[in-house]
Amino acid sequence: MLGLVVFSFLISGCGDDASGTADGSTSEAEQTSSTGESSGPEDTGGSTRGVDTGIDPDDTGTDEDSSTGGPTACELPDTTIGGRVWEDTDASDESTYIAAFDPRVDEGVGNFDVRLLDGTGLVQQTTTCADGRFGFGGTPGATYMVATPDVAAGGCAQRNCPRNLWAAVEAGMPVNILAIGDSLPVEGAQPTFPQRLADRLSPLVDTTVQNTAVSGSTSSQWVPGSVYWTTNVEPNLASADMVLISVGGNDFLNLAAGADLGNIAQVLADAQALLVEVVDNVRTIADEIHTVRPEADVVFTLYVDYSQSSIPPWDLVSLLPAGTIYNLLAGARSMTLPEDEVVVVDVLEPSTMLDGPLDDLLVDPLHFSDAGHDFYADEIFAALGGIVVSADGQVRNMSMR
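Residues numbered from 1 in each chain as written. Predicted model: local features only at pLDDT ≥ 70, side-chain atom pairs only at ≥ 80, totals over all residues. Heavy atoms only, no water.

A word on the overall build of the protein. When you go through the protein residue by residue, the secondary structure sums to 8 helices and 17 strands. Per-residue burial over the protein gives 56% buried out of 401 residues. The long-range share in the protein, meaning contacts at least 24 apart out of those at least 6 apart in sequence, stands at 75%. A total of about 15,400 Å² of accessible surface is found on the protein, and carbon and sulfur atoms cover 52% of it. (Helix = DSSP H or I, 4+ residues; strand = E, 2+ residues; numbered from the N terminus. Buried < 20%, exposed > 50% of the residue type's maximum accessible area, 1.4 Å probe, protein only. Contact = heavy atoms within 4.5 Å. Areas by Shrake-Rupley, 256 points an atom, 1.4 Å probe, with all protein chains shown as cover.)

Here we come to the pattern of salt bridges. Between side chains of opposite charge, pairing is possible as soon as their charged atoms come close. Under the definition given, this model contains 16 salt bridges. Where D340 meets R283, a salt bridge forms, and the shortest distance between an N and an O atom there is 2.8 Å. Taken together, the positions of D340 in the loop between helix 6 (324-335) and strand 15 (342-345) and R283 in helix 5 (residues 264-292) put the pair 57 residues apart, joining distant regions of the chain. You can call D340 buried: its relative accessible area is 7%. Residue E349 is joined to R333 by a salt bridge in which the shortest nitrogen-to-oxygen separation is 2.8 Å. With E349 in helix 7 (residues 348-351) and R333 in helix 6, this pair connects stretches of sequence that are 16 residues apart. What you see here is one network of salt bridges that share partners, running through R196, R200, D370, D374 and D378. (Salt bridge = Lys/Arg side-chain N within 4 Å of Asp/Glu carboxyl O.)

Once that is clear, we can look at the packing of aromatic side chains. With the rule as written, the count across this model stands at 6 aromatic pairs. Every member of this aromatic cluster is reached through a ring pair, and the members are F193, F368, F375 and Y376. (Phe/Tyr/Trp six-rings, centres within 6.5 Å; stacked < 30°, edge-to-face > 60°.)

Of note, D241 is situated in the loop between helix 3 (227-233) and strand 13 (242-246). Under the relative-accessibility criterion, D241 is labelled partly exposed at 21%. Each C-alpha atom, one on D241 and one on P174, is 8.6 Å from the other, the two residues being 67 residues apart in sequence. Within polar-contact distance, the side chain of D241 engages the side chain of R293 at 3.3 Å. (Polar contact = N/O pair within 3.5 Å; in protein donor to acceptor, adjacent residues only side chain to side chain.)

Helix length check: helix 8 (residues 370-383), at 14 residues, gives a terminal C-alpha distance of 20 Å against a target of 20 Å (1.5 Å per residue), a fit within 8%. For helix 8, the buried fraction is high: 11 of the 14 residues fall into the buried class. (Expected span 1.5 Å × (residues − 1).)

It is worth spelling out the confidence of the model for the protein at this point. Per-residue pLDDT for the protein averages 80, and the proportion of residues at 70 or more is 78%. Residue range residues 7-72 is modelled with pLDDT below 50. Its contacts to residues more than four positions away, or to other chains, number 208 contacts. (pLDDT = per-residue confidence, 0-100.)

Listed below in structure tokens is the structure:
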């Protein structure tokens, strides 16, 4: 997979910064097939490419070619938004938080198209250096989106490649979000995170929301042919440019309600089998969306680590082996594959990194307060490539808390 990490501090980097309009072209070596194998002349022997967005906290701004260890030939002036594109040889990238460039095995990808978009469309365009680094300078306070539109289908290491959203922002076309799934998109403080996401996207593109999620629903009730697919998805899919999915929680709550806590080993085995079923259901939903509405991006939100909460019944999590809830949720993250063409929003990892208790994000054991819905909206915006530069030049990738 081809990895992209976006870091939000000043660097003196490599990659030629240029403004202008993209011609949409790319070399064959920059493309991948839907199987993830390189389709160009620079085949890497089975490694695949994809796009990741996140933060590289260890990046010092010193530009060295990852393959030679020597300095790169191209330089940038100080930049406010920059990052690196690399070949994710070890397939270690899973989300904006699980993003690992390892110079021992991964190689930077040079001459790769990276674009910076704002509410006017394309504002800057650059290509990466030999070590994969890039940067954008002279970015005034505004909301931006970093895009790498030339990554082919199935080629995003972190699965966060919302190509159609990027195209809409660049072309100034409106975006309609269809929210489906369980109670999280509809319960708790109002407005809920789908509308708050639309608010975050509004400086970039006109955005509307159709929120058809149903409290208490399970993943199987949303697959094609099921009750909510028929009543809530199918009638609205033709107008959807992005489908936001939150499913699986009620599947596990139903399992827990009938679980025999005297046989923890069986409970865990049943939970693992159910996890496979839930991810398969998400994959089935996404496949049908792509078939019926190929113009739509599919966005799958994970869950926070509820075991971080002290609100009953989460205080009973101590009866389970340490890390049980986290490991189940992380399984959904790792089991969603690049070829699924699903943008995975990893709210799990940052929910373990909060400054305060998870309880601050909740209004009850499951649903979110104002802070919780803002948290979800920020994480989705970051996974889509969103960057905010404040008036004083501070840069924020929304996923860094």
